[in-house]
Amino acid sequence: MTISEDSVTAAFGRRTEPAEALAAEAERVARACHAMAARFHRGGKMIVFGNGAQATDAAHIAVEFVHPVIVGKRALPALSLAADPNALTGVIRRAGFEETYAAGVRLMGAPADIAVGLSADGRCENVRRGLAAAHEMGLLTVALVGGDGGPIAGAPPIDHTLVVRADDPRVVKEINVTAYHILWELVHVFLEQPGVLEPEPGR
């Protein structure tokens, strides 16, 4: 199978605008990183969740934060609620799919923690409810969503929302991978300067 130059150009073209939009959100990304670093600095942990391909991303994010950016530096506590099928299917059977992550957040979360929810189109009700439960408990809430952001982006409890303006779930996933690696790296940058983490703005 040969790949034409036009198809390669088109593939890159679909990614250019969303990638440039992420770059334009530098201040928003930095504010999210600062807020997350402040929670880690105070002893909090990260709880991550998403459906389908975003469940894979949730596991990837947890692994990234657990290992330090630089050898010998601090590992950060993080876990993926999507990684335990026993717990997930138990919740689904007892309370329904929409409560999948809200139940996990209520069980595992504490006010000092961070909840990160991922959705390819912003329309995953269980992710929205998980973030809402986190907000009610006092966790910092971060959403990584695609499309127009959907109901998740419009939900007032979300502290930080990064929207990939693309309808192709593959593009959304690729830009989100870039976004959460930036979050991971800049959180460590802030943790190297603890004087900028207290007090935490707005929380």
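That block above? That's the structure.
Because the structure is a prediction, the values reported are computed rather than measured.

Visitor: Is there a simple way to explain the sheet that holds strand 3 (residues 114-119) in this structure?
Guide: Two modes of strand pairing occur in sheets, parallel and antiparallel, and in both the strands are linked by backbone hydrogen bonds. As summarised here, the arrangement of the five strands in space is 2-1-3-4-5, forming an open sheet in which the pairing is parallel. Of all strands in the sheet, those with a lone pairing partner are strand 2 (78-80) and strand 5 (160-164), marking the two edges. Averaged over all pairs of adjacent strands, the angle between strand axes in this sheet comes to 15 degrees, irrespective of strand direction. Across three bridges, the pairing between strand 1 (residues 46-50) and strand 2 is parallel. Opposite Met46, over in strand 2, you have Ala78 as the bridge partner. Helix-sheet contacts for helix 2 (residues 26-41) involve strand 1, strand 3, strand 4 (140-146) and strand 5, and the interaxial angle to strand 5 is about 135 degrees.

Visitor: Help me understand helix 2 in this model?
Guide: For an α-helix, the turn length of 3.6 residues means that residues three or four places apart are oriented alike. Look at helix 2: 22 Å from first C-alpha to last across 16 residues, which is about the 22 Å you get at 1.5 Å a residue. Among the residues of helix 2, Val29, Ala32, Cys33, His34, Ala35, Met36, Ala37, Ala38, Arg39 and Phe40 are the ones counted as buried. Two residues or fewer after helix 2 comes Gly43, characterised by a positive phi angle close to 95 degrees.

Visitor: Teacher, can you tell me more about the pattern of salt bridges here?
Guide: Taken as a whole, this structure holds 10 salt bridges when the rule is applied. Across the pair Lys173 and Asp57 runs a salt bridge, and its minimum N-O distance is 2.9 Å. Remark: Asp57 occurs in helix 3 (residues 53-66) and Lys173 occurs in helix 8 (residues 169-191); sequence separation between them is 116 residues. Within the structure, one salt-bridge network assembled from shared partners comprises Glu99, Arg106, Glu125, Arg128 and Arg129.

Visitor: I would appreciate a short explanation of the packing of aromatic side chains in the present structure.
Guide: The relation between two aromatic rings is expressed through the spacing of the ring centres and the mutual angle of the planes. Per the stated rule, a full pass over the model turns up two aromatic pairs. Ring geometry for Phe40 and Phe65: centres 5.8 Å apart, planes at 20 degrees, overall stacked. Here Phe40, found in helix 2, pairs with Phe65, found in helix 3; they are 25 residues apart in sequence, far enough to count as distant. The class for Phe40 is buried, based on a relative accessible area of 0%. By relative accessible area, which is 1% here, Phe65 ends up buried. The interplanar angle of 25 degrees and the centroid separation of 5.1 Å between the aromatic rings of Phe49 and Tyr101 together place this pair among those described as stacked. Of this pair, Phe49 sits in strand 1 while Tyr101 sits in helix 5 (residues 100-108), and the two are 52 residues apart along the sequence. Residue Phe49 is classed as buried on the basis of its relative accessible area, which comes to 0%.

Visitor: Explain the environment of Glu136 here, please?
Guide: Tracing the backbone through its elements, the reader meets Glu136 in helix 6 (residues 125-137). Considering only alpha carbons, one finds Glu136 and Ala153, 17 residues apart in sequence, at a separation of 17 Å.

Visitor: Looking at this structure, how should I read the nonpolar core?
Guide: Across soluble globular proteins, you tend to see nonpolar side chains buried next to one another. By size, the foremost hydrophobic cluster in this structure holds 36 residues, and its most contacted members are Met36, Met46, Phe65, Leu183 and Val187. When residues of this core are traced back to their parent elements, those giving at least two are helix 2, strand 1, helix 3, strand 3, strand 4, strand 5 and helix 8. Considering every element that reaches this core, the biggest residue donor is helix 8, with nine residues. Aside from chain neighbours lying at most four places away, what touches Phe65 is Met36, Phe40, Met46, Ala75, Leu76, Ala78, Tyr180, Leu183, Trp184 and Val187.

Visitor: Would you mind going over the pairing of strand 4 with me for this structure?
Guide: Consecutive side chains of a regular strand alternate in pointing toward one face of the sheet and then the other. Counting buried positions along strand 4 gives seven out of seven residues, so the element sits mostly inside the fold. The pairing of strand 3 with strand 4 spans six bridges and is parallel. Within strand 4, the position partnered with Gly117 by the bridge is Ala143. In the classification by handedness, the crossover that spans strand 3, the intervening helix 6 and the parallel strand 4 is right-handed. Where strand 4 and strand 5 come together, five bridges link them in parallel fashion. Counterpart to Gly146 in the pairing with strand 5 is Val164.

Here is what the cut-offs are and how they apply
Residues numbered from 1 in each chain as written. Predicted model: local features only at pLDDT ≥ 70, side-chain atom pairs only at ≥ 80, totals over all residues. Heavy atoms only, no water. Pairing = 2+ DSSP bridges. Helix = DSSP H or I, 4+ residues; strand = E, 2+ residues; numbered from the N terminus. Axes fitted to C-alpha atoms, helices over the stretch in contact; angles between N-to-C directions. Contact = heavy atoms within 4.5 Å. Expected span 1.5 Å × (residues − 1). Buried < 20%, exposed > 50% of the residue type's maximum accessible area, 1.4 Å probe, protein only. Salt bridge = Lys/Arg side-chain N within 4 Å of Asp/Glu carboxyl O. Phe/Tyr/Trp six-rings, centres within 6.5 Å; stacked < 30°, edge-to-face > 60°. Core = buried A, V, L, I, M, F, W, Y, C linked by side-chain atoms within 4.5 Å. Right-handed = clockwise from strand over helix to strand, strands pointing away.

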